[in-house]
Amino acid sequence: MAIAAKIMNNLSFKLITVFFFMSAQFVAKAQLLNELKTSFNNYNQNVFQEKIFVHTDKEQYLTGEILWFKVYNVDAVTKKLNDLSKVCYIELLDEKNKPVLQSKIALVAGMGNGSLYIPKALLNGSYTFRAYTNWMKNFETNLFFEKKITILNSLNSLVKSSPKTEIDLQFFPEGGEMIEGIQTNVGFKATNSFGNGVDVRGAVVNQKNDTVARFKSFKFGIGKFSFTPLPNQTYRVVAVVKKEIINEQFPVAKKQGYSLSLNDGERITLDVATNLQANKVYLMVHNNRKINIAETATILEGKASFAINKSKLGDGLSFLTIFNESGQPVCERLYFKRLSSKLKIDANPSFTSYNVRKPVDVNFSIKNEKGDPITANISIAVRRIDSLQGMDQSDILSYLFLSSEVKGNIESPGYYFANETQESNEALDNLLITQGWRRFSWNVVRKNQSPSLQFLPEVNGHLITGKIKSKDGASIKNAALYLSIPKVSNQFYQSTADENGNFVFNTKDINGVNEIVVEAIDTTAIISVLSPFSEKYSHLSSYDITPNEKEFNETQFYSLATQIQNTYSADRLNQFSQLVVDTAMFYGTPFKTYRLNNYTRFRTLEETMREYVTQTFITKGSEYQIRLLGKDVSLNGNPLVLLDGVPYFNMNKVMKIDPYKIERLEIIPEKYYLGSGVYEGILSFFSFKPNLSSIEINANAIVLDYEGIQQQREFYSPAYSSAQEINSRIPDFRNVLYWAPFVGVDKDGKGQVKFYTSNFAGTYIGTINGLSADGTPGVGSFLFQVRDETKQKP
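Here's what I pulled together on the structure shown here. (Residues numbered from 1 in each chain as written. Predicted model: local features only at pLDDT ≥ 70, side-chain atom pairs only at ≥ 80, totals over all residues. Heavy atoms only, no water.)

Helix and strand counts for the protein come out as 10 helices and 47 strands. Taken along the three principal axes of its C-alpha coordinates, the protein extends 120 × 95 × 55 Å. Evaluated residue by residue, the protein yields a buried proportion of 52% over its 794 residues. Considering only intrachain contacts with a sequence separation of at least 6, the fraction spanning at least 24 residues in the protein is 70%. As displayed, the protein offers around 38,200 Å² of accessible surface, 50% of which is attributable to carbon and sulfur atoms. Charge separation in the protein, taken as the distance between the mean sites of 87 positive and 79 negative side-chain charges, equals 3 Å. (Helix = DSSP H or I, 4+ residues; strand = E, 2+ residues; numbered from the N terminus. Buried < 20%, exposed > 50% of the residue type's maximum accessible area, 1.4 Å probe, protein only. Contact = heavy atoms within 4.5 Å. Areas by Shrake-Rupley, 256 points an atom, 1.4 Å probe, with all protein chains shown as cover. Lys, Arg positive; Asp, Glu negative; His and termini not counted. Charge placed at Lys NZ, Arg CZ, Asp CG, Glu CD.)

Structure representation (structure tokens):
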């Protein structure tokens, strides 16, 4: 009995020990998952991100043409139009990431539109069109909107022998790592020097020249194959692209680590393999900043598996990350779940074929996934397609759900959404293996580190920033600075520098190119105004373009047509919308206005003010002093004195203003608060003809030609409504027949657009991008022919 009791006691002790050990392990595992979820949620709650899509009228241009575009700014998570930022920055970059065009576009309710004139001096090439907000500058440039724009210059379009294109063949182990002794799916991608995918087939051979794996591209030069790298083995790749042979080293596998494989069936099976001594792995699946799945799996004989119910995943891209027992991310895979909701946009012209200079009526309807009518914000472009003008590579649907989430350039992203077939599903999965990436680093997330937010959102208007320093280079803190635009009466701003000498002017309604003045009271200070455009760039490749003979002939044809259009329709191509400008000064309605022509003119400003400006009291010692009378009580200091919006800080200089050049004086005889400044009233003088050369400004002031918000150009679309107009001999060689960034849609989801054909015969395509109020995107298109019975050519 004593022996039995001892055995029972020992067994109980062991069972209790095992129980507590297992409980501790369970608590530790649960704690790790909770820590990951908490860090993830904290990170995403602290970071709001915008996402921009830009619809351009086409993607290939000749110099001398106009590029038209519409901006959609949405919440990166909900895809709903976002009204945080009021300004969008547009740039066209060359192959060296040097900006050749820059502009600022006003955003209203998350949308804006504009145009860029393509300079005649630009060379042939692929350029990067990018768009972003000031707030987006806080994050990686990979999150900016970017697309490729082809520009051709007929003066540079000489046909040359095509240079030998370089083939770039890259390999991407599924999940991120290739481990010795573990079977791995390896994705691959072959592209030419233009960034386009090319068909490739090849094999992986070992040091004995034995073939251990074969591969062949599936779509766009992308594919995958299965491969098991053996210890102490080296491998080479022998591949063929057209007639070119590629012979290079195959990536070296790691000695130890984790491998990941995804199998897509009724459920998603995620298999993890490792040659490390490990007991558990953890899975986190997130989509649209929401954790959908957090699970643990036990490793048995180096393998673990997760079964995922697809109903738990959100639409679009899901990020599947595997963590080891230390909470470190070791593998990651992307999976795309087809969208449950997208707009159905049907558009049909009245006929399939038209003669030149004839009206085209296009009726369109918008429905949701259930077939119910729905209204949306849409933009429409109608253009000719030929050897130069191909199909658009970018649309709002594929961009918001794919291109913006995946690293690098995606060739024909719309293909993956146009037809949901077994082929497109396989091609999409191959793409995600080769170009999948993290939108953020888990190491940063786990440290509860938020991105460094250096740039403010422009919630009211454009922010003009700069820095003020002393002559010895030291920052001047708490300095008062002033910005004015002499020719725009209501544009006067005050700012105070921070501890590092940085200042911000929160401006509003600065449109077009203006001459701005920035100055401080300290005349020895050195002031600099910073560019609002980002100086960070992604690695989206650009390249030179040499047209082939057919493209060269098309280029010459289009070039002549463009020159004719610019000659005969120059005035109509350069019509801009009238700006609604608030002419009231920043201080509103003045207490009193003196129009000097209504009074006796005096030779000096001092005499003028002493004689009939009753609200002022002037004294003269070593310096003049001006006091305003507010409610029969003199204010305590000199007022803010402005001449055509430019401040005067020295009252002696104020008295030197020529009164014969002054048209009126406006007075505010009370304390006035502007920004962080408090002023003892305001004296605001206005010249008959504002001229900066006649204004006394501080020696430290900087005067700049500064481009504000772009003034909107009006799209030229002639109407041939009479026989006289139809038979007019004025040529019409438009290849873009219609562009409308904002198209009316009624409550039944229906709308109509009307335009006229030009003298260009050929096939025309209309492209439609749309976004509903609930953040559902959609695309549509229509085709028609234009006959040239007159055979008129440029």
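Turning next to the sheet that holds strand β13 (residues 222-227). Backbone hydrogen bonds hold the strands of a sheet together, and the pairing may be parallel or antiparallel. With respect to topology, 3 strands assemble into an open sheet ordered β9-β10-β13, the strand pairing being antiparallel. Sheet topology places β9 (168-173) and β13 at the edges, where each strand pairs with a single neighbour. Direction aside, the axes of adjacent strands within the sheet are offset by 25° on average. Pairing of strand β10 (residues 184-191) with β13, which is carried by 6 bridges, proceeds in the antiparallel orientation. Across the sheet, K189 pairs through a bridge with I222, a residue of β13. The strands touched by helix α4 (residues 422-435) within the sheet are β9, β10 and β13, with β13 carrying the most contacts at an inclination of about 75°. (Pairing = 2+ DSSP bridges. Axes fitted to C-alpha atoms, helices over the stretch in contact; angles between N-to-C directions.)

With that settled, the discussion passes to the environment of T78. Its place among the elements puts T78 in the loop between β3 (66-75) and β4 (87-93). When its relative accessible area of 37% is taken as the criterion, T78 is described as partly exposed. If we ignore the near neighbours within four places in the chain, the residues touching T78 are D774 and G775.

Put simply, side chains in a regular strand alternate between the two faces of the sheet. Two strands pair when backbone bridges link them, and strand β23 (residues 343-349) and strand β25 (residues 359-367) are joined in this way by 6 bridges, in the antiparallel orientation. By the bridge assignment, I345 is partnered in β25 with I366. Summarising the sheet, β25 and strand β45 (residues 750-756) pair through 7 bridges and their orientation is antiparallel. Paired with V362 across the two strands is V753, which belongs to β45.

Taking strand neighbours across the sheet as the criterion, the 3 strands line up as β16-β17-β20 in an open arrangement whose pairing is antiparallel. Looking at which strands have only one partner, the edges of the open sheet turn out to be β16 (258-264) and β20 (303-308). Averaged over all pairs of adjacent strands, the angle between strand axes in this sheet comes to 15°, irrespective of strand direction. Bridging between β16 and strand β17 (residues 268-274) involves 7 bridges; their strand directions are antiparallel. Counted as the bridge partner of L260 is V272 from β17.

This is a description of form; function is not addressed.
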